[in-house]
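Descriptive analysis of the structure
Given next are the chains, with one letter for each unit.
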Amino acid sequence: MEKISVAVRFRPPTAAATDPSPSPSPSSGGDREWRVDDTRVALLHRNAPVPGASFAFDHVFDGTATNDRIYGVLVRSLIRAAVDGFNGTAFAYGQTSSGKTFTMNGSGDQPGIIPLAVRDVFDTAREATDREFLIRVSYMEIYNEEINDLLTLGSEKLPIHESLERGVYVAGLREEIVNSAEQVFELLELGEENRHFGETNMNVRSSRSHTIFRMVIESSAKNQMDSGDAIRVSVLNLVDLAGSERIAKTGAGGVRLNEGKHINKSLMILGNVINKLSESGKQRGHIPYRDSKLTRILQPALGGNAKTSIICTAAPEEIHVEETKGTLQFASRAKCVSNCAQVNEILTDAALLKRQKQEIEELRKKLQGSHSEALEQVILKQRNDMHKFERERDRLATELEEERRLTETLQQRLTEQQKMLDGINNTSISPDQFTDSIQLDALKTPNSKERPAGFVASRSTYSKDVEFSPIPENLGTVADEDLWMQLNKGCITDLDMLEMTPGLKCVSSLAEDKTLATTPVEEPIDTRCQRLEKDCNSDRQQLEDSKVRCAALENECDTLKKENSSLQDALAKSRKDADRLVAEKEEVLKELELEKSRMEELKQEIRLFSQAFSQRQGQLTSLYTKSKAIVDNCKTSQLALP
Ligand SMILES: Nc1ncnc2c1ncn2[C@@H]1O[C@H](COP(=O)(O)OP(=O)(O)OP(=O)(O)O)[C@@H](O)[C@H]1O
């Protein structure tokens, strides 16, 4: 996609540019002027910018700019591209007497865009020594919404037709094959004589019609092998539009008034088309190309297959401020329009077949060669990656599950310890009394050594009543060997190896064995409480850590799930690609088969034709021999007559 090039050109002020309207228009209040620099135009009122009347463009030209400069900046590249096979259109748009015809046609000492382009086309074609060119020109005008051929005197009104091969075209338009710029200038002169001009209050020689000068540039490579017999055909339109006009200003009446209405209407439709095209895709809707002959003919140049340049001409005088603003708004919208230009090639049947064969060959290479291998490798790698991720995901899920279980156990233990603590705190027995209390035994640990944080273990069952036990039995409800294993991260530890503490037999309840009431209290209750609290805190900390790890693992698991699903997608896409390639391959093979059978048919036809031909030749020879014999006979019999 390529944006339309738009530039604004202010003509120099003219002495005659006084307001010809009977009553002054609101715009001619005084003190307003246009400030122009290279890329901006702004309306000033007593040197202060007028809000909403400032515009930016790629190029803005003031009254000193020459046609040559405008051509160089805006049109030259278009012409070169047209010679290379791209459609091109350049047109001048603006109010009446703003300098459109001056820009397109030029004056005696300053040739305009059309003559400059014509010369450039021939020069560029001459430089392309490897190609042969055939150039045709036509010249038409749209006058009062009717098409006249400017190269044919008294031309009939020409209709617009549309076909698949030619697109929109003017039927019956004279096209002259030309070999030089001079030849074209002669034709242009003829066209100018036939063109409708008229005098208005605004312009002594005002164009009363839109004119379209068209060059069709065909070229083919001199060496046919280079381009596969392709012929490039491009259409170059150079358009001088009639100017929009205010009837009050032009003072038009009668014929001029009628012309003015047609001019304004078709320019309004052109504006509508540009407006629609400048809107973004969804809002755009129907483009009213068919509403006027001008937009229908220029359709490819407006959002279609062409490179387009628009020169918006403007009058600098204050009395034209409103019209100039209108022109600048049109230009602003036009620069948002994008075209999609491409080289126009026509292929002969042989070239088409050749290209198709090349394409088939390329496809086959792609399928058979490294491409499919690479694809297979990609699929294999993706499959491996997926398996790896699945394994990783499973491992993480197991770890997560273990962590959860550990957290639960810890939670449970914490609750129980809390309960024990609460029990101690709530008891009414004084610490001194504890020495005699059997209850105390329940809180005793057989080992005075403090258990490491996060470390809880017990045997599920003891085989014998051991005198030395590493773990108190009453912890059997809160921990087990599995948990031990988890805490040690799978490292199997021999519980018997744990440090043994001589000591105490654990008693689960006061009622069970009162003999133990006399067991000496090894640890004062305060210390014990503190230790338990410490244990509690450490467990709490462990629980928090475990929760954090749990969350991290869950996150990791989610990420892996996502990666897995994206890998699944990629794999599915690769499979689809592979399927598509296989389908393409089959299609190509089918086409190849078809080509082969066509070739066979052709060969067969040629064989039959040769047979028929030699048969016919034989018949003709024998007929000739017979005729000759008859003639000879006749001659002899004539001679034999007396
Ligand atoms: N850049 C310029 N330099 C010098 N003279 C100019 C320039 N532009 C326009 N003029 C002069 O201004 C007058 C009007 O210009 P022109 O006929 O080209 O206007 P127009 O836009 O084609 O008008 P219309 O729409 O009525 O045909 C002419 O006399 C022309 O020579």
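Residues numbered from 1 in each chain as written. Predicted model: local features only at pLDDT ≥ 70, side-chain atom pairs only at ≥ 80, totals over all residues. Heavy atoms only, no water.

Looking at the ligand, there are 15 residues lining it, with Thr96, Ser97, Lys100, Ser206 and Ser207 nearest. Separating an oxygen atom of the ligand from a side-chain N or O atom of threonine 96 is a distance of 2.5 Å. Between lysine 100 and the ligand, the recorded distance is 2.7 Å, taken from a side-chain N or O atom to an oxygen atom. Coverage of the ligand by the protein amounts to 77% of the 620 Å² it exposes when considered alone. Only α2 (100-104) and β14 (206-207) provide two or more residues apiece to the shell around the ligand. A class-by-class count of the residues in the shell around the ligand yields 2 nonpolar, 10 polar and 3 charged. (Near = heavy atom within 4 Å. Polar contact = N/O pair within 3.5 Å; in protein donor to acceptor, adjacent residues only side chain to side chain. Areas by Shrake-Rupley, 256 points an atom, 1.4 Å probe, with all protein chains shown as cover. Helix = DSSP H or I, 4+ residues; strand = E, 2+ residues; numbered from the N terminus. Nonpolar A, V, L, I, M, F, W, Y, C, P; charged D, E, K, R; others polar.)

A few words now on the environment of aspartate 31. When you line up the elements, aspartate 31 lands in the loop between β2 (5-10) and β3 (32-36). On the basis of relative accessible area, aspartate 31 is assigned to the partly exposed category, the value being 40%. When near neighbours in sequence (up to four residues on either side) are disregarded, aspartate 31 contacts Leu44, His45, Arg46 and Glu318. Within the structure, the side chain of aspartate 31 is placed 2.8 Å from the side chain of arginine 46, a separation counted as a polar contact. (Buried < 20%, exposed > 50% of the residue type's maximum accessible area, 1.4 Å probe, protein only. Contact = heavy atoms within 4.5 Å.)

Moving on, we get to helix α4 (residues 181-194). Side chains three or four residues apart in an α-helix point the same way, a direct result of the helix having 3.6 residues per turn. The terminal C-alpha atoms of α4, which comprises 14 residues, lie 20 Å apart, in line with the 20 Å expected from a rise of 1.5 Å per residue. Along α4, the residues that are buried comprise Ala181, Val184, Leu187, Leu188, Gly191 and Glu192. Taken down its axis, α4 places every buried residue within 145° of arc, on the same side. Of the exposed residues in α4, the ones pointing more than 90 degrees away from its buried face are Glu186, Glu189 and Glu193. (Expected span 1.5 Å × (residues − 1). Arc of directions from axis to C-beta.)

This part covers the pairing of strand β16 (residues 231-240). Counting buried positions along β16 gives 7 out of 10 residues, so the element sits mostly inside the fold. Strand direction decides the pairing type here: strand β7 (residues 88-94) and β16, joined by 5 bridges, are parallel. Bridging from a neighbouring strand, threonine 89 pairs with asparagine 237 of β16. Alignment of strand β15 (residues 210-221) against β16, held across 10 bridges, turns out to be antiparallel. Looking at the pairing, valine 216 lines up with valine 235 of β16. Where β16 meets strand β19 (residues 345-346), 2 bridges bridge the pair, whose relative direction is antiparallel. In the strand pairing of β19, isoleucine 231 is matched with isoleucine 346. (Pairing = 2+ DSSP bridges.)

A few words now on the UniProt feature "binding site: ATP" (unreviewed entry) in the protein chain. The UniProt entry lists Gly94, Gln95, Thr96, Ser97, Ser98, Gly99, Lys100 and Thr101 under the feature "binding site: ATP" (unreviewed entry), expressed in the numbering used here. Mapped onto the fold, serine 97 is located in the loop between β7 and α2. When sequence neighbours within four positions are dropped, the list of residues in contact with serine 97 reads Arg11, Met202 and Asn203. Taking the relative accessible area as the measure of exposure, lysine 100 reaches 5% and is therefore buried. When residues no more than four places from it in sequence are discounted, the contact partners of lysine 100 are Ala92, Tyr93, Gly94, Gln95, Asp240, Leu241, Ala242, Gly243 and Thr313. A polar contact of 2.9 Å, which involves the side chain of lysine 100, links it to the backbone oxygen of glutamine 95. (UniProt positions renumbered as here; feature names shortened; annotations may be inferred.)

It is possible for side chains bearing opposite charge to pair when their charged atoms get close. Inspection of the entire model under this criterion finds 30 salt bridges. Close ionic contact of lysine 307 with glutamate 2 constitutes a salt bridge, the shortest N to O distance being 3.1 Å. Pair noted here: lysine 307 is in strand β17 (residues 307-314) and glutamate 2 is in strand β1 (residues 2-3), with a separation of 305 residues, a long-range link. A residue is classified by how much of its surface remains accessible, and lysine 307, at 19% relative accessible area, is buried. For glutamate 2, a relative accessible area of 35% corresponds to the partly exposed category. Between arginine 32 and glutamate 318 there is a salt bridge, with its nearest N and O atoms 3.8 Å apart. Placement of the pair is arginine 32 in strand β3 and glutamate 318 in the loop between β17 and α10 (321-334), with a sequence separation of 286 residues. Residue arginine 32 is classed as buried on the basis of its relative accessible area of 18%. (Salt bridge = Lys/Arg side-chain N within 4 Å of Asp/Glu carboxyl O.)

Relative to the assigned elements, arginine 9 resides in strand β2. Salt bridges are absent for the buried arginine 9, whose nearest opposite-charge side chain, aspartate 62, sits at 8.1 Å. One polar contact links arginine 9 to threonine 103, side chain to side chain, over a distance of 2.9 Å. Non-local contacts of arginine 9, meaning those with residues more than four positions away in its chain, are made with Phe61, Ala65, Thr66, Asn67, Ile70, Phe102, Thr103, Gln110, Ile311, Cys312, Thr313 and Ala314. (Lys, Arg positive; Asp, Glu negative; His and termini not counted.)

For α10, built from 14 residues, the straight-helix expectation of 20 Å at 1.5 Å per residue is met to within 8% by its first-to-last C-alpha distance of 20 Å. Those residues of α10 that sit buried are Val321, Glu323, Thr324, Lys325, Thr327, Leu328, Phe330, Ala331, Ser332 and Ala334.

Moving on: the sheet that holds β3. With respect to topology, 3 strands assemble into an open sheet ordered β3-β4-β5, the strand pairing being antiparallel. Two strands close off the open sheet at either side, each with one partner strand: β3 and β5 (48-56). Averaged over all pairs of adjacent strands, the angle between strand axes in this sheet comes to 20°, irrespective of strand direction. With 5 bridges connecting them, β3 and strand β4 (residues 40-45) associate as antiparallel partners. Residue pairing across strands places tryptophan 34 opposite leucine 43, the latter belonging to β4. Strand contacts of α10: β3, β4 and β5, with the helix running at about 35° to β3, the strand carrying the most contacts. (Axes fitted to C-alpha atoms, helices over the stretch in contact; angles between N-to-C directions.)

Another aspect to go through is the side chain of asparagine 148. Along the chain, asparagine 148 falls in strand β9 (residues 146-149). The contacts of asparagine 148, once residues within four sequence positions are left out, are Tyr139, Met140, Glu141, Tyr143, Ser155, Lys157 and His196.

Moving on, we come to the packing of aromatic side chains. Under the criterion given, the structure shown has 5 aromatic pairs. Ring geometry for phenylalanine 55 versus phenylalanine 57: centroids 6.4 Å apart, planes at 15°, classification stacked. Residue classification places phenylalanine 55 among the buried positions, given a relative accessible area of 8%. Between tyrosine 139 and phenylalanine 213, the ring centres sit 5.7 Å apart and the planes meet at 90°, which makes this aromatic pair edge-to-face. Pair noted here: tyrosine 139 is in strand β8 (residues 131-143) and phenylalanine 213 is in strand β15, with a separation of 74 residues, a long-range link. Taken individually, tyrosine 139 and phenylalanine 213 each receive the classification buried, so the pair is uniform in this respect. Across from the ring centre of phenylalanine 197, 3.5 Å away, lies the NZ or CZ of arginine 205, which sits over that ring. Across the ring face of phenylalanine 86, the terminal group of lysine 307 is positioned such that the distance to the ring centre comes to 4.9 Å. (Phe/Tyr/Trp six-rings, centres within 6.5 Å; stacked < 30°, edge-to-face > 60°. Lys NZ or Arg CZ within 6 Å of the ring centre and 35° of its normal.)

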